[in-house]
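Here's the letter readout for the chains.
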Amino acid sequence: MTLLYPLGLLGLIGIPVLIIIYIIKNKYTEQVISSTYLWTLSERFLKRRNPINKIAGIISLILQILAVIFISFAIAHPVFILSNAANEYCFILDGSGSMNIAQNGKTRLEIGKERIASVIKDSANGSKFSLVFVGNTTDILYEAIENKDQAVSILNGVSSAYVDAGFTGALGVAQSYFQEKPSILTYLVTDKAYESSQNVEIINVSSHETNYGIAGVEYVVSGGKIVVSGKAMSYEGDATLNLSLRFDELSEVAATQELEVKKLEETDFSFEVDNRSFSSFKVTLENEDALSLDNECIVYSVEAENSYEVLIVSESPFFLEAVLSTVGNAQISVVSPEGYANVTGYDLYIFDSVNLTALPADGAVWIFNPQSSIPDAGFSVQDKLEFSESAVLSYTDEEKLSDSEAKLLKGLLKSDVAVSDYVQCGSGNFTVLMTHDGNPVLFTGLNAHGNREVVFAFDLHRSNFPAMLDFTTLSQNLLRYTFPNVIDKTSYYCGEKVQISVPAGCKSIKVDTPLGNVAYLDTNSAYSEYELTEVGNYRFTMTVGDTVRTPIRVYSSLPESERETSVTEVSFALEGEASNEKSDGKYDDMLYLFILLAVIVLADWGVYCYEQYQLR
């Protein structure tokens with residue numbers, strides 16, 4: 001036996017103090033009473049043959065001495081060494097998406113944590129515990145700690161992930177522990193069954209819960225209809241599933257379907273509704289089951305998520321409005337040159353034959369027929385050239401352009417573009433797409449504000465270009481250059497990475513996750529990636545210049561591999577020969593000591609009450 005706090009034994013000094021008090025204590029008190037009362041009291045005592053007042057006093061003294069002894073030892077905190085009683089434990093806890101499946105109001109993860117906590121609490125004091133949690137990453141939450149309360153507290157703090165987690169990293173950690181100490185007891189707490197295991201105890205927390213799921217939801221627009229399709233699955237038996245379709249997060253149901261599915265057989269479903277404009281739709285599986293995370297899927301329109309606001313400043317905006325409404329996802333506003341006065345808040349500004357004194361700093365710019373040099377525009381206006389006969393423009397040889405620049409001319413027929421006049425410009429470091437006699441007539445690049453800029457150095461209305469198919473194709477290419485799709489799709493699975501195209505002039509990209517977490521992406525390169533680790537709606541909010549754009553949304557679903565209720569793996573094994581070398585355990589539970597102390601105090605109180613009764 002050892003004492004954690006040996007100075008606590010100083011409390012034993014109280015024993016001689018109690019004895020001295022007992023010896024010198026005046027056992028009689030002087031009271032003034034009537035002779036009648038004294039005579040009556042003496043008769044009562046004379047009738048008693050064996051008064052035990054002295055014995056009661058001794059008993060009280062003994063009890064008080066025992067109380068001092070127990071209090072002193074409680075403060076000193078004795079620890080008893082139990083030879084070869086303690087073990088070292090390694091717990092591997094599965095935190096993958098399937099551990100969110102519930103049974104009787106508890107998820108598989110919660111049941112697994114209870115099983116580990118039970119092993120910890122039942123182990124001998126002095127045992128050591130390590131916990132490896134396999135979620136979004138493989139993390140060692142603690143290593144070789146002895147404090148049971150601390151081990152259970154950290155264990156209770158973990159929450160399940162939503163990804164398809166593998167055990168490769170955890171197996172490597174457990175193997176290193178086993179090689180260092182072959183007597184370690186390793187537990188794998190998971191919802192997967194294993195055909196074989198070696199040097200590991202598998203705790204399977206699955207229970208054949210009922211689960212249904214939907215996946216692979218997508219849509220096409222065909223023949224004036226929107227066709228929404230996907231697949232449904234039942235994991236524990238044949239079932240009749242009820243599906244519903246809603247648009248734009250409305251409670252109103254646009255379509256329903258009843259679907260017969262066989263166990264573990266993917267069954268296709270589809271909805272066909274009249275074509276409509278929408279920003280999103282949701283397919284919901286209405287049946288109740290043990291896992292709600294795979295019962296709905298939201299699909300956002302890529303076109304709607306990549307939309308932008310355009311301001312056209314022109315006296316004759318017809319051609320520009322027509323082409324933008326045909327090839328873009330633009331919300332268009334139009335003002336006359338007289339009505340434009342440093343307006344802000346647009347993603348693209350188009351100036352048609354406007355005498356500008358300053359460029360907007362918060363968006364991309366297209367300039368048609370510039371009238372004069374503009375500060376920060378990156379090019380200069382030198383002269384205006386007019387022709388008695390139309391001049392034909394030349395396209396730049398694509399071999400002289402980079403791959404990204406050549407995409408601007410992709411799909412063009414390159415028919416002759418004839419103009420009556422154009423403005424001779426110095427284009428600096430811009431990429432030239434059309435020329436006349438070596439003079440740049442159509443060029444693109446970045447202005448001093450860091451925004452993309454496109455310049456048509458001729459009057460669109462005094463050319464044949466708007467009537468040509470190439471005008472529509474080129475406009476589409478230029479819009480893709482000006483507004484590269486920030487995202488290419490809106491539906492993902494947890495564990496996948498979404499690639500964000502960073503717009504020019506983007507200062508920040510804020511990510512709001514389904515669980516309320518916030519992150520910021522790197523905007524110093526053309527593309528940024530973000531790994532989706534939660535089920536639900538993500539929002540990516542970009543600040544371009546001084547403008548906060550409408551958030552772009554994507555939906556992340558639970559991986560299909562994590563929806564199965566019963567999974568059997570081949571093997572989980574730790575290589576090597578196990579030993580049975582235990583370490584010394586400890587017994588330092590003070591509960592029983594305090595119980596004895598309480599009994600002694602109660603007994604002493606009983607003796608005191610008896611003495612008082614005798615004096616009545």
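Residues numbered from 1 in each chain as written. Predicted model: local features only at pLDDT ≥ 70, side-chain atom pairs only at ≥ 80, totals over all residues. Heavy atoms only, no water.

Colleague: Would you take a moment to explain the overall build of the chain for this structure?
Modeller: Scanning the chain for helices and strands turns up 11 helices and 36 strands. A sequence separation of at least 24 residues applies to 67% of the contacts in the chain between residues at least 6 apart. Taken as a whole, the chain presents about 31,400 Å² of accessible surface, with 51% of it coming from carbon and sulfur. (Helix = DSSP H or I, 4+ residues; strand = E, 2+ residues; numbered from the N terminus. Contact = heavy atoms within 4.5 Å. Areas by Shrake-Rupley, 256 points an atom, 1.4 Å probe, with all protein chains shown as cover.)

Colleague: Whenever I open this one, the nonpolar core confuses me. Can you help?
Modeller: Most often, soluble globular proteins keep nonpolar side chains buried together rather than apart. Counting residues in each nonpolar core, the largest one holds 38 residues, and the members touching the most others are Ile350, Phe456, Phe458 and Phe465. For this core, the leading source of residues is helix H10 (residues 469–482), giving 5 residues. One finds Val163, Val273, Cys494 and Leu558 within the second-largest nonpolar core, a separate group that totals 35 residues. (Core = buried A, V, L, I, M, F, W, Y, C linked by side-chain atoms within 4.5 Å. Buried < 20%, exposed > 50% of the residue type's maximum accessible area, 1.4 Å probe, protein only.)

Colleague: What exactly am I supposed to notice about the environment of Val601 here?
Modeller: Position of Val601 relative to the elements: it lies in helix H11 (residues 591–614). The class for Val601 is partly exposed, based on a relative accessible area of 47%. Between the alpha carbons of Val601 and Gln64 there is a distance of 7.8 Å; along the sequence they are 537 residues apart.

Colleague: What's the story with the sheet that holds strand E24 (residues 431–436) in this structure? I'm lost.
Modeller: Whenever strands of a sheet pair, they do so through backbone hydrogen bonds, lying parallel or antiparallel. Read from one edge to the other, the open sheet built from 9 strands follows the order E19-E18-E20-E21-E26-E25-E24-E22-E23, with strand pairing classed as mixed. Strands with a single pairing partner mark the edges of an open sheet, and in this sheet they are strand E19 (330–335) and strand E23 (417–426). Taking each pair of neighbouring strands and ignoring which way they run, the sheet shows an average axis angle of 20°. Sheet analysis places strand E25 (residues 439–446) next to strand E26 (residues 452–456), joined by 5 bridges and oriented antiparallel. Following the sheet pairing, Thr444 is matched in E26 by Val454. Each of strand E18 (308–313), strand E20 (348–352), strand E21 (364–368), strand E22 (380–395), E24, E25 and E26 is contacted by H10, which is oriented at about 155° to E26, the strand it contacts most. (Pairing = 2+ DSSP bridges. Axes fitted to C-alpha atoms, helices over the stretch in contact; angles between N-to-C directions.)

Colleague: Is there a simple way to think about H10 in this case?
Modeller: Three- or four-residue spacings in an α-helix give side chains the same orientation, since the helix completes a turn every 3.6 residues. Between its terminal C-alpha atoms H10 stretches 20 Å, which fits the 20 Å expected from 14 residues at 1.5 Å a residue. Extensive coverage of H10 is indicated by the burial of 10 of its 14 residues. Listed in full, the buried residues belonging to H10 are Asp470, Phe471, Thr473, Leu474, Ser475, Asn477, Leu478, Leu479, Tyr481 and Thr482. (Expected span 1.5 Å × (residues − 1).)

Colleague: Just checking my understanding: could you explain unusual backbone geometry for this structure?
Modeller: Leave glycine aside and you will find that most residues have negative phi; peptide bonds, for their part, are mostly trans. For Ala144, which is not glycine, the phi torsion reads 55° and is therefore positive. Since its relative accessible area comes to 36%, Ala144 is described here as partly exposed. Positive phi outside glycine occurs at Leu264, with the angle close to 60°. The residue Leu264 is located in the loop between strand E14 (255–261) and strand E15 (267–274) in this model.

Colleague: Looking at this structure, how should I read the packing of aromatic side chains?
Modeller: To describe a pair of aromatic rings, one takes the distance between the centres and the angle between the planes. By the definition in use, this model includes 26 aromatic pairs. Measuring from ring centre to ring centre gives 5.7 Å for Tyr219 and Phe281, while their planes differ by 90°; the resulting arrangement is edge-to-face. With Tyr219 in strand E11 (residues 212–222) and Phe281 in strand E16 (residues 280–285), this pair connects stretches of sequence that are 62 residues apart. The buried category is assigned to Phe281, whose relative accessible area is 1%. Aromatic pair Phe456 and Phe458: ring centres 5.9 Å apart, planes at 80°, arrangement edge-to-face. Taken together, the ring pairs connect Phe368, Phe456, Phe458, Phe465 and Phe471 into an aromatic cluster. We note Arg452 situated over the ring of Tyr481; from NZ or CZ to the ring centre the distance is 5.3 Å. (Phe/Tyr/Trp six-rings, centres within 6.5 Å; stacked < 30°, edge-to-face > 60°. Lys NZ or Arg CZ within 6 Å of the ring centre and 35° of its normal.)

Colleague: Can you help me understand the pairing of E24 in this one?
Modeller: Look at any regular strand and the pattern is simple: side chains alternate between the two faces of the sheet. Burial within E24 is extensive, with 5 of its 6 residues counted as buried. Here E22 pairs with E24 via 2 bridges, running antiparallel. Directly across from Ser394, in E24, lies its bridge partner Thr435. The sheet contact formed by E24 and E25 spans 5 bridges and is antiparallel. Within the sheet, the bridge partner assigned to His436 lies in E25 and is Asn439. A loop of 2 residues connects E24 with E25, the two strands running antiparallel in sequence, and Asp437 in this loop sits at a positive phi of about 55°.

Colleague: Can you help me understand the pattern of salt bridges in this one?
Modeller: Oppositely charged side chains may form a pair once their charged atoms are brought near each other. Using the criterion set out here, one finds 16 salt bridges in the structure. Ionic pairing is found between Lys231 and Glu266, a salt bridge with its closest N-O pair at 3.3 Å. Pair noted here: Lys231 is in strand E12 (residues 225–234) and Glu266 is in the loop between E14 and E15, with a separation of 35 residues, a long-range link. For Lys231, a relative accessible area of 21% corresponds to the partly exposed category. For Glu266, a relative accessible area of 47% corresponds to the partly exposed category. The salt bridge involving Asp421 is made with Arg462; its shortest N-O contact spans 2.7 Å. In this pair, Asp421 is assigned in strand E23 and Arg462 in the loop between E26 and H10, connecting sequence segments 41 residues apart. A residue is classified by how much of its surface remains accessible, and Asp421, at 3% relative accessible area, is buried. On the basis of relative accessible area, Arg462 is assigned to the partly exposed category, the value being 43%. (Salt bridge = Lys/Arg side-chain N within 4 Å of Asp/Glu carboxyl O.)

Colleague: Would you take a moment to explain helix H6 (residues 168–180) for this structure?
Modeller: Taking 1.5 Å per residue, 13 residues should reach 18 Å; H6 reaches 19 Å between its end C-alpha atoms and fits that length. By the burial criterion, the buried members of H6 are Ala170, Val173, Ala174, Gln175, Tyr177 and Phe178. Where H6 is buried, its residues touch strand E3 (88–94), strand E6 (128–134), strand E7 (138–145), strand E8 (185–190) and strand E35 (567–573).

Colleague: What am I meant to see in the sheet that holds strand E10 (residues 201–204) here?
Modeller: Pairing is mixed in the open sheet, where 5 strands are placed in the order E7-E6-E3-E8-E10. Sheet topology places E7 and E10 at the edges, where each strand pairs with a single neighbour. Within the sheet, the average angular offset between the axes of one strand and its neighbour, ignoring direction, is 15°. Pairing analysis gives 5 bridges linking E6 to E7, with the strands arranged antiparallel. When the sheet's bridge partners are listed, Phe133 is paired in E7 with Asp139. Where helix H5 (residues 148–156) meets the sheet, its contacts fall on E3, E6 and E7, and the angle it forms with E7 comes to roughly 170°.

Colleague: Could you clarify how one ought to interpret the environment of Glu305 in this entry?
Modeller: Structurally, Glu305 is set in helix H7 (residues 302–305). Note: C-alpha distance between Glu305 and Ser280 (25 residues apart in sequence) is 9.3 Å. Apart from the residues lying within four places of it in its own chain, the contact partners of Glu305 are Ser279, Tyr300, Ile487, Thr490, Pro551, Ile552 and Arg553.

Any functional reading would require information beyond the geometric quantities listed.
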